Amino acid sequence: MSTRQYTHFINGRFEREAASYVDRTSPASGELVARFASGQVADMDRAVAAARAAFDHGPWPQMSGMQRTEILNKFADLVEKNFDRLVRIEVEEVGKPIRFAKGDIAGCVGLIRYAASLAMQMSGTTYTNLGSNKTALLMREPVGVVALITPWNFPALILMQKVPFALAAGCAVVVKPSEFTSGSAFELAALATEAGVPDGVFNVVSGKGSVIGQSLTEHADVDFISFTGSTRIGQTVIEASAKHIVKTSLELGGKSANIVFADADLDAAVDGALMGVFFNNGECCVSGSRLFVQSSIADDFVRRVSERAALLKVGNPFDDDTDIGAMIDSKHLSKVMSLVDTGLTEGAKLLTGGNVVENSAGNFVQPTIFDHVTPSMTIFQEEIFGPVLSVTRFDTLDEVIELANNSIYGLSNYVWSKNIDTVMTISRRLKSGWVQANTIIDGAPQLPLTGVKGSGFGYEMGQAGFEEFTQIKTLFLHTGPREPVFAK
Ligand code: NDP
């Protein structure tokens, strides 16, 4: 595949040219793979104006749910048809192993089809119990023009956790993808348009978050901001949204606990420990990056995880059997390695890894495991976003709940036990939007994702995620003669 070049996608078409471009080199090979238009505030203004016009005067919000369902299903068909191309773009730009990129694009298709079905179910509530001459209609309407800002770790998948749900509700969107990985957003916008999504409903502007992301979140014509990214930028988004009092939804960072009790299926839990931290290069918001193991099984369990980790294949993400690909860029690689150094300095015990992969063209880190990590250590608290696991041992249920909840984040947590009492008790007491038992980083389009504490608020996916893109208008209707209030 030759180098792809993208101009902004505004009002149903790629613009003829851009003033300047951002080059994207593959983090695995160092080769130039794509060039994205480097947007300025004026580009974002044009995109928001297109979305505003499409929402206020265009056909999309006025269409029946059935029509939107049909178009979204055609969109899903086109994504399936372009499966290999989209997979390749994700591997080239992100550096993730191809088998995970295939899972991402298959996931996109499922999300679009599920969201398509919701377009037909958009409904409100009627109150007929307010008195014989009073009726209230709670009418569900699209929220309007939506700003969607996405990170680089799942460029297509996270975008599809948002866009089809917004479109199903009748909204128009302006997307600001990560400057590292904008390719799939452009491709998906073009495919949606080919499927029949009207001009101006799905716009994409690429470039720097500090310039165009900021201008999008401060824009007077945006009705809702849906942001996925770091907690630090999430705080910036909240500040920007205050300017025009705009509704926001924030999916932010995480430092999830993966808790293994002695009575678990330990073979499954060993695989779960590896999946928890090495899936998607460890660049995953819902990583189970803090492993808690019950003391009675800890020595043996941790040895098994560590031995298996050392055998994982790190390298060319296009190889079918690669387990861990490249870190997104050299700056991020340095951040990961600096946290590994901090782990050593603060006294955690390194079991395996701890280095970059030498003699390679890309940003590769060895799968790394630290044992005897305590809550006061930086690697226990800070999101590393790389293939680095910290292990902490525990004895009792109460102790591990306290350890797991000792975090500024609250996105997801995992528990492995065959005892339903243990699973239910711990699930209810863990402070996170998501808990999974005897599985890890699992999901389905029907199931909403949300965070608590520093992991944000608002829902993505599921009925709740769909409703984020809607609002309720209350119509209170009085029929027949009305008793005067000021009768005299
Ligand atoms: P960032 O927060 O750095 O960036 C996210 C997006 O925001 C990017 O498109 C970025 O643009 C943009 N941005 C940067 N500055 C601003 C600004 N001032 N105003 C508006 N937008 C801005 O996150 P990363 O891309 O580094 O992604 C990693 C983070 O995302 C991790 O913390 C991870 O946990 C979190 N995440 C959360 C998920 C969840 O569902 N909770 C899922 C996946 C990731 P650009 O990069 O182009 O400059």
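Reading the values: rules and limits
- Residues numbered from 1 in each chain as written.
- Predicted model: local features only at pLDDT ≥ 70, side-chain atom pairs only at ≥ 80, totals over all residues.
- Heavy atoms only, no water.
- Helix = DSSP H or I, 4+ residues; strand = E, 2+ residues; numbered from the N terminus.
- Rg over C-alpha atoms; globule rule 2.2 N^0.38 Å.
- Buried < 20%, exposed > 50% of the residue type's maximum accessible area, 1.4 Å probe, protein only.
- Contact = heavy atoms within 4.5 Å.
- Areas by Shrake-Rupley, 256 points an atom, 1.4 Å probe, with all protein chains shown as cover.
- Lys, Arg positive; Asp, Glu negative; His and termini not counted.
- Charge placed at Lys NZ, Arg CZ, Asp CG, Glu CD.
- Pairing = 2+ DSSP bridges.
- Axes fitted to C-alpha atoms, helices over the stretch in contact; angles between N-to-C directions.
- Near = heavy atom within 4 Å.
- Polar contact = N/O pair within 3.5 Å; in protein donor to acceptor, adjacent residues only side chain to side chain.
- Nonpolar A, V, L, I, M, F, W, Y, C, P; charged D, E, K, R; others polar.
- Domains from an automatic or database assignment.
- Buried area = accessible area lost by both parts, 1.4 Å probe.
- Salt bridge = Lys/Arg side-chain N within 4 Å of Asp/Glu carboxyl O.
- Core = buried A, V, L, I, M, F, W, Y, C linked by side-chain atoms within 4.5 Å.

### Let's talk about the overall build of the protein
- Scanning the protein for helices and strands turns up 16 helices and 21 strands.
- A compact globule built from 488 residues should have a C-alpha radius of gyration of about 23 Å, and the protein, at 24 Å, falls within 12% of that.
- In the protein, which comprises 488 residues, the proportion classed as buried is 57%.
- Here the contacts in the protein between residues at least 6 apart in sequence split such that 73% fall between residues at least 24 apart.
- Working note: accessible area of the protein is about 19700 Å², and carbon and sulfur atoms make up 52% of it.
- Each charge class in the protein was averaged separately, 42 positive and 54 negative side chains, and the resulting centres sit 5 Å apart.

### As for the sheet that holds strand E7 (residues 134-142)
- Within the open sheet, the three strands sit side by side as E6-E7-E21. Their pairing is antiparallel. Either end of the sheet is taken by a strand with one partner, and the two such strands are strand E6 (125-127) and strand E21 (470-478). Geometrically, the sheet is characterised by an average inter-axis angle of 20° between neighbouring strands, direction not taken into account.

### Some remarks on the site of the ligand
- Surveying the vicinity of the ligand reveals 29 residues, the closest of which are Lys176, Glu179, Ser230, Leu252 and Glu383.
- Backbone polar atom of Gly207 to an oxygen atom of the ligand: 3.4 Å apart, as the coordinates give it.
- Contact distances for the ligand include 2.8 Å between a nitrogen atom and a side-chain N or O atom of Gln214.
- Listed by contribution, the elements that provide at least two residues to the shell around the ligand are helix H8 (209-217), strand E11 (224-228) and helix H9 (231-242).
- Looking at the shell around the ligand, the element that brings in the most residues is H8, giving four residues.
- Among the residues forming the shell around the ligand, the class breakdown is 12 nonpolar, 13 polar and four charged.
- Mapping the shell around the ligand onto the domain boundaries places at least three of its residues in each of domain 1 (4-252 + 451-474) and domain 2 (257-437).

### Points about the domain arrangement of the protein
- Domain boundaries assigned for the protein yield domain 1 (4-252 + 451-474) and domain 2 (257-437).
- In this structure, domain 1 and domain 2 have C-alpha centres spaced 31 Å apart.
- The partner domain 2 presents 33 residues to the 29 residues of domain 1 that form the contact.
- Between domain 1 and domain 2 the total buried area reaches about 2500 Å² when both faces are included, carbon and sulfur atoms providing 60% of it.
- Linking domain 1 with domain 2 are one salt bridge.

### Overview of the nonpolar core
- Membership of the largest hydrophobic core comes to 96 residues, with the highest contact counts inside it found for Phe75, Phe202 and Phe301.
- Each of domain 1 (4-252 + 451-474) and domain 2 (257-437) contributes no fewer than three residues to this core.
- If near-sequence neighbours (up to four positions away) are discounted, Phe75 is found in contact with Ile112, Met160, Leu188, Leu191, Ala192, Ala195 and Phe202.
- By size, the runner-up hydrophobic cluster in this structure holds 27 residues, among which are Met327, Val340, Phe394 and Leu430.

### A look at the pairing of E7
- In the sheet, E6 pairs with E7 via three bridges, with the strands oriented antiparallel. In the strand pairing of E7, Thr126 is matched with Leu137.
- In textbook terms, the turn of a hairpin is the stretch between consecutive antiparallel strands, and for E6 and E7 this stretch comprises six residues, one of which, Gly131, has a positive phi near 125°.
- With nine bridges connecting them, E7 and E21 associate as antiparallel partners. Paired with Glu141 across the strands is Gln471, a residue of E21.

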